[in-house]
Every structure is written in structure tokens, then in C-alpha cells.
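Close look at the chain arrangement
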Amino acid sequence: MRLSWCFVFKGGSRMDQKTDMDTGPHQVMLSEWITEAPFEQLLNMKILRAEEGEAELTMPFLKEYAQGAGLMHGGALTALADTAVAMAIKSVLPEGTHFGTISLETRFCRPLREGWVTAKARVLSREDRDLVGVATVFDEQDQEIIEFTSRFRVARKQSV
């Protein structure tokens, strides 16, 4: 599907702007089972390790990830945590298994104003098609920025 119109805000007013954006569907072919997909690349995430049900990822706080008060946007932090749990899960599932987040909860501990953040994640439990994981995101001083819990589900007709 292609998007033909979008809204651009300039100087506080909305303007219609014709665009030529490809809105999918998209086929993504990854070079490896555990690697950064296009979304992770967009946020400059780097996988430091993913093995035995654990993962560690990092990303910088760039201006593009700031909310209106100049702090790192909660959605960017949550995306890092969610991706870290996904990589921990990938490390215990057979290559090519399809799965996705079905619920998540984020608790914000303190704001981030600058620097790099690191998410440390692990798989907590597996039951049938569901896997539960947790992650903590830390700043460069090892202070907790967010605590995160999520549940993923493996697609039907696949085993865990």
C-alpha cells in the first residue's frame, strides 16, 4: 500500500503534503537469526550479546528520540527493552520461529537526559506457546531508567 497524503506541521499550523511512501506489505530478509532488523537499525540499537535466554542491547540518546521536554522518549526506551527481550527469546528458540509481543508493561524509574542506554534482558518462563521476559534499562552510570516485563507468543503450528 502506498500513502499518498500526510500532514506536516510547520510553524504551528497543519499543511497537507503529498508523499510517495511505501506503507507495505514489506518482506524483510535478515542476514542472521539474531541481528538488527530495520526498526532496530532506525533507532541505532546494537546487540552486544544474546545467548542462553539472556540478551544485552545498547542505543544512543539522539535528538530525534527526544520528547518535548528534551528527555528520551518513553517509546524509544520501551522499544529497546522489548527488543532486548525478543533477542533473549530468539536465543532459546529454533531459528526461523515466528513470535511476537502480546503484552508489555513498563515502569519508568528516572528520566534520561543524555548518553547511552543499555538493556539487560532475560527469559523468565515458558509455558506452551508463551514466553515471559524481563528487562532493565540502565544509563551510563548504571542507574535504572526503566523496568520492563513482556509476554511473547509463538505463532501457531510451531513448537517452543
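Rules of the game
Residues numbered from 1 in each chain as written. Predicted model: local features only at pLDDT ≥ 70, side-chain atom pairs only at ≥ 80, totals over all residues. Heavy atoms only, no water. Core = buried A, V, L, I, M, F, W, Y, C linked by side-chain atoms within 4.5 Å. Buried < 20%, exposed > 50% of the residue type's maximum accessible area, 1.4 Å probe, protein only. Helix = DSSP H or I, 4+ residues; strand = E, 2+ residues; numbered from the N terminus. Contact = heavy atoms within 4.5 Å. Expected span 1.5 Å × (residues − 1). Phe/Tyr/Trp six-rings, centres within 6.5 Å; stacked < 30°, edge-to-face > 60°. Lys NZ or Arg CZ within 6 Å of the ring centre and 35° of its normal. 1 Å grid on protein atoms, 1.4 Å probe; cavity = no way out; pocket = protein on both sides within 12 Å on 5 of 7 lines; lining within 4 Å. Points joined across faces, edges and corners; volume = space filled by probe spheres on them. Nonpolar A, V, L, I, M, F, W, Y, C, P; charged D, E, K, R; others polar. Salt bridge = Lys/Arg side-chain N within 4 Å of Asp/Glu carboxyl O. Pairing = 2+ DSSP bridges. Axes fitted to C-alpha atoms, helices over the stretch in contact; angles between N-to-C directions.

Another point: the nonpolar core. Membership of the largest hydrophobic core comes to 34 residues, with the highest contact counts inside it found for Met59, Met72, Leu80, Val117 and Val137. Elements with a contribution of two residues or more to this core: strand S4 (54-60), helix H2 (74-90), strand S6 (116-127), strand S7 (130-138) and strand S8 (144-154). A per-element tally of this core places H2 first, with eleven residues. Excluding anything up to four places from it in sequence, valine 137 contacts Leu77, Leu80, Ala81, Val117, Thr118, Ala119, Gln143, Glu144, Ile145 and Ile146.

End to end, H2 covers 24 Å across 17 residues, agreeing with the expected 24 Å (1.5 Å per residue, within 8%). Within H2, 15 of the 17 residues are buried, which leaves the element mostly enclosed by the surrounding structure.

Taken as a whole and assessed by the stated rule, the structure comprises one aromatic pair. The ring of tryptophan 33 carries lysine 90 above its face, with NZ or CZ at 4.5 Å from the centroid. Seen from the ring of phenylalanine 138, lysine 120 lies directly overhead, with NZ or CZ sitting 5.4 Å from the centre.

Another point: the layout of surface pockets. Taken as a whole, the largest pocket spans an internal volume of roughly 510 Å³. Surrounding the largest pocket, 19 residues form its lining, Leu30, Trp33, Lys90, Thr97 and Phe99 being those nearest its centre. At the level of secondary structure, the elements contributing two or more residues to the lining of the largest pocket comprise H2 and strand S5 (99-108). Looking at which element gives the most residues to the lining of the largest pocket, the answer is H2, with five residues. Tallied by class, residues from the lining of the largest pocket come to seven nonpolar, seven polar and five charged.

Quick look at the side chain of serine 150 now. One can find serine 150 in strand S8. You can call serine 150 buried: its relative accessible area is 3%. Beyond its immediate chain neighbours, meaning those up to four positions away, serine 150 contacts Asp82, Val85, Thr101, Ser103, Leu104, Leu131, Val132 and Gly133.

Attention now goes to the pattern of salt bridges. If you walk through the whole model with that rule in mind, you get five salt bridges. For glutamate 147, the salt bridge goes to arginine 107, with nearest N and O atoms at 3.1 Å. One end of the pair, glutamate 147, is in strand S8; the other, arginine 107, is in strand S5, with 40 residues separating them in the sequence. When its relative accessible area of 28% is taken as the criterion, glutamate 147 is described as partly exposed. A relative accessible area of 44% means that arginine 107 is categorised as partly exposed. Taken together, the shared-partner salt bridges connect Arg49, Glu54 and Glu56 into one network.

What follows is about the sheet that holds S5. A sheet is described by the order of its strands in space; here six strands give the open sequence S3-S4-S6-S7-S8-S5, paired in antiparallel fashion. Because the sheet does not close on itself, it has two edges, and the strands there are strand S3 (46-51) and S5. Ignoring strand direction, the axes of neighbouring strands in this sheet form an average angle of 20°. Inspection of the sheet shows S7 paired to S8 by nine bridges, in the antiparallel sense. Paired with valine 137 across the two strands is isoleucine 146, which belongs to S8. Sheet strands in contact with H2 are S3, S4, S5, S6, S7 and S8, and its direction is about 50° off that of S8.

Another aspect to go through is the environment of glycine 53. Position of glycine 53 relative to the elements: it lies in the loop between S3 and S4. Each C-alpha atom, one on glycine 53 and one on valine 85, is 8.8 Å from the other, the two residues being 32 residues apart in sequence.

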